[in-house]
Amino acid sequence: MKPDLNKILNRQIKKYANGEGIPENLEPLFNSISLFYDNFERDQKLVERVMDLSSDELMDSNMELKKLNEEMDRFVYSTSHDLRAPLLSILGLLNIIENENTQYDIKGYLKLLRDSTVKLDRFISDIIDYSRNTRLEINCIEVDFSLLIEDSFKHLNYMPGCSTLLKLINIDEHAKLYSDDRRLSIIFNNLISNAIKYQKTEIEDSFVNIEAEITQTELRVEIEDNGVGIAEQYITNIFDMFYRASPEAKGSGLGLYIVQETLEKLNGTIEVESTLGEGTKFIVTIPNMTLGS
Amino acid sequence: MQVEQRIWSNNNKWEIISNHDLGESANLVFVFGSTELVQDQSKFDEIRALYPSAEIVVSSSSGEIMVDQVTLNTMCVTAIHFEHTTIKTLEIKLDQVKDSFDVGAHISAQIDKDDLSNLMIFSNGDQINGSHLLTGLQFNLSESVPITGGLAGSYEPFSATYTGLNGVGIQGSVIGIGFYGTKLKIGHASRTGWTPFGPERFITKSNNNVLYELNEEPVLDFYKKYLEGLFDDMVEAIRIYPLGINTENGQPRLLRAFLDYDPEKGGALFAGDMPEGAKVRMMKSNINSLIDAAGEAALASTEPFDIDQPDLALCVSCVGRQFVLEEWIGEEIQNVNEAFNSKVPIAGYYSYGEISPQRQNQKSALHNHTMTITTFKEII
């Protein structure tokens, strides 16, 4: 029996050749048969592996689709709910205006109408930001970070409490910053608007302190405020879609979710430290990209 | 149409396979041989002395095909006398033009197109981008003119190749032969014997014939998932499981032979373009299916073209088939010969790329891993 022949072939020879082995002149034939057996076995293993891997891939994409589907369900439910609330309020106010004495406090109602409309508009803007982040490729350019933060405040100036908030900004630029400016705007608009939104009403020295450092490798930004803070038990959930830490929360529940999704696209990270009643600090780290990456 | 054949080997010298004393009357001579022999001036002079008026087309090969055998270190000469057909030849050298596309565009622009019924191409095999050559050839030529032929080969995998027109084989030359006249019937077929397996993947990163990523995964990682552990040498393994491009027209996949892997750039070199966005699957074959496919190619190169017993069959088979067939390589040629009832003169060679429409009335394309046959029949 030849040890280098295929195992099954060896067994067949042992069983049917009466222990006499293979005549020398038939050795090439048996070697050829053995090689074919080997190749068939190898191909069989390969096909099994293909099936295993394909089955795993199918399971994975199924899970992924399931997750997306659930997210979509939640998104549609919450979105329609949040879109309807300000609309219902607008309709209610219109009813009052129609039925009330025309002279009576029209201006007050108009202000309420405006508030509801602004809320609706902000919510829709958030959704647009979210969809833009999901859809668009990263567009890396040289970014003037001071200007970007300045623009953020300009953009948010209409928000109540923005003008009275003390703004401390310190940017250490050790290197040029290359990143996706639109995505950076989404991230910092959201974080700064939170600091504005969640000020303590009872104090007069509310502040937001932005400390940024730009190096060859990364952009690191700390955004600290002395606002209402977040209760410890809610901290882990604040980045979830449509999560609002308290019934008084004024936003869409999309802001921090969008921040995290956008950071993921830029391979960045975010950490949060907060004490209820004392303030919140977000620490954002984003890799400094190179042009064309 | 008359055909006579002879074969040179250092041991047996000239061996006459068939003889019609064509001499002065031969119009066209195909010479396929080893890279050394096709560059040998004295051998060429002997052939020229035999056929003083013929257009002599020379190509180096990865294995010579004659009658029902594959030989190495030989030079196979097939001389043809056409009674009612004219031929016109031209040669474009790569260093005279911009690139592979330009070679094709020059040939298709310069070749006389009145009554052109078929174009054969014998191209350099190592410096040319065959896909770009084909695009160039089709630039100035009606799609109804079939283009067949192949890229030259060599015994050393993917080293220098030599082609020549009315002279010894040189590097970087592409030769076109136009066939004119209504009495000549030309059939063609290309068959693989390969079947797809495994998942469909998108080519997400490539540059011409260098493939980097499938579904954004490095190509070597993709192959390793399937082949690691089953083979000692990954490069050898990938050669046995090349990729097939989905043609989107319901036809069999266009095969792309894997040549080598560049560990520095992380790219896999294939013997034809791997366009981004194309869908590919791994391909597998076995000795049986390859030998059978060669026979099918023989039948497909005659029956649909209404050619009964051609005057000559010219086989261009892929060097990649040798990786799988190994010592069975001769059987595929025997099978071709049997499909022709052993009554048809057969010539040809193993190549770095085959040129042919995939099916009748289709656009010509560059193939790998196929047996491609062009048949000739002059009707009286």
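Residues numbered from 1 in each chain as written. Chains lettered and ligands numbered in written order. Predicted model: local features only at pLDDT ≥ 70, side-chain atom pairs only at ≥ 80, totals over all residues.

Participant: It is not clear to me how the overall build of chain B should be interpreted in this structure. Could you clarify?
Facilitator: The helix and strand inventory of chain B stands at nine helices and 26 strands. For chain B, the C-alpha radius of gyration of 20 Å lies close to 21 Å, the compact-globule estimate for 380 residues. Seen through its C-alpha atoms, chain B measures out along the principal axes to roughly 60 × 45 × 40 Å. A burial count over chain B gives 51% of its 380 residues as buried. (Helix = DSSP H or I, 4+ residues; strand = E, 2+ residues; numbered from the N terminus. Rg over C-alpha atoms; globule rule 2.2 N^0.38 Å. Buried ≥ 20, exposed ≤ 12 C-beta atoms within 10 Å, placed from the backbone.)

Participant: Help me out: how do you make sense of the sheet that holds strand 6 (residues 69–71) of chain B in this one?
Facilitator: Within a sheet, neighbouring strands are paired by backbone hydrogen bonds and run either parallel or antiparallel to one another. All names here are of chain B. If you trace the six strands from one edge of the open sheet to the other, you get 6-5-23-22-26-13, paired in mixed fashion. The open sheet has two edge strands, strand 6 and strand 13 (184–191), and neither has a second partner. Taking each pair of neighbouring strands and ignoring which way they run, the sheet shows an average axis angle of 20°. Pairing geometry for strand 13 and strand 26 (residues 371–378), over eight bridges, is antiparallel. In the sheet register, Leu 184 faces strand 26, and the bridge partner there is Glu 378. Of the strands in this sheet, strand 13, strand 22 (312–318) and strand 26 touch helix 7 (residues 287–300), which is tilted by about 155° from strand 13. Those strands touched by helix 9 (residues 329–339) are strand 5 (64–66), strand 6, strand 22, strand 23 (346–351) and strand 26, and its axis lies near 140° from that of strand 6. (Pairing = 2+ DSSP bridges. Axes fitted to C-alpha atoms, helices over the stretch in contact; angles between N-to-C directions. Contact = placed C-beta atoms within 7 Å.)

Participant: Can you help me understand the domain arrangement of chain B in this one?
Facilitator: Residue and element names in this part refer to chain B. When the domains of chain B are assigned, the result is domain 1 (2–191 + 288–378) and domain 2 (195–284). Just the C-alpha atoms count here: the centres of domain 1 and domain 2 sit 28 Å apart. With 18 residues of domain 1 at the contact, the number on the domain 2 side is 15 residues. Those elements that place two or more of their residues in the side of domain 1 that touches domain 2 are helix 4 (130–137), helix 8 (319–325) and strand 25 (364–367). When its residues are assigned to classes, the side of domain 1 that touches domain 2 shows seven nonpolar, ten polar and one charged. (Domains from an automatic or database assignment. Nonpolar A, V, L, I, M, F, W, Y, C, P; charged D, E, K, R; others polar.)

Participant: Looking at this model, I keep getting lost on the pairing of strand 22 of chain B. Mind explaining?
Facilitator: Each regular strand carries side chains that alternate between the two faces of the sheet. Within strand 22 of chain B, seven of the seven residues are buried, leaving the element largely enclosed by the surrounding structure. Here strand 22 of chain B shows no split at all, with B:Leu312, B:Leu314, B:Val316 and B:Cys318 on one side and B:Ala313, B:Cys315 and B:Ser317 on the other all buried.

Participant: What exactly am I supposed to notice about the pairing of strand 25 of chain B here?
Facilitator: Residue and element names in this part refer to chain B. Of the two faces of strand 25, both are covered, the one formed by Ser 364 and Leu 366 as well as the one formed by Ala 365 and His 367. Inspection of the sheet shows strand 24 (residues 353–357) paired to strand 25 by four bridges, in the antiparallel sense. What sits directly across from Pro 357, in strand 25, is Ser 364. Connecting strand 24 to the next strand, strand 25, in antiparallel fashion are six residues, including Asn 361 with a positive phi near 65°.

Participant: Explain the interface of chain B and chain A to me, please; I cannot follow it from the model alone.
Facilitator: Many analyses report the size of an interface as the accessible area lost when the parts associate. Residue-level contacts link seven residues of chain B with ten residues of chain A. Secondary structure elements with two or more residues in the side of chain B that touches chain A: strand 14 (195–207) and helix 5 (219–227) of chain B. The element best represented in the side of chain B that touches chain A is strand 14 of chain B, accounting for three residues. Taken together, the residues that form the side of chain B that touches chain A break down as four nonpolar, one polar and two charged.

Participant: Could you clarify how one ought to interpret the nonpolar core in this entry?
Facilitator: Counting residues in each nonpolar core, the largest one holds 109 residues, and the members touching the most others are B:Val29, B:Val31 and B:Val57. If one sorts the elements of this core by residue count, helix 7 of chain B sits on top with seven residues. Each of domain 1 (2–191 + 288–378) and domain 2 (195–284) of chain B gives at least three residues to this core. In this structure, A:Ile187, A:Ile230, A:Val259 and A:Phe282 belong to the second largest nonpolar core, which totals 35 residues. (Core = buried A, V, L, I, M, F, W, Y, C linked by C-beta atoms within 7 Å.)

Participant: I'm lost on the sheet that holds strand 11 (residues 163–165) of chain B in this one. Help?
Facilitator: All names here are of chain B. A sheet is described by the order of its strands in space; here six strands give the open sequence 2-1-7-3-4-11, paired in mixed fashion. Each edge of the open sheet is held by one strand with a lone partner, namely strand 2 (13–18) and strand 11. Each neighbouring strand pair of the sheet contributes to a mean axis angle of 15°, computed without reference to strand direction. As paired strands, strand 4 (residues 55–60) and strand 11 are joined by three bridges and run antiparallel to one another. Looking at strand 11, one finds that Ser 59 is bridged to Thr 163.

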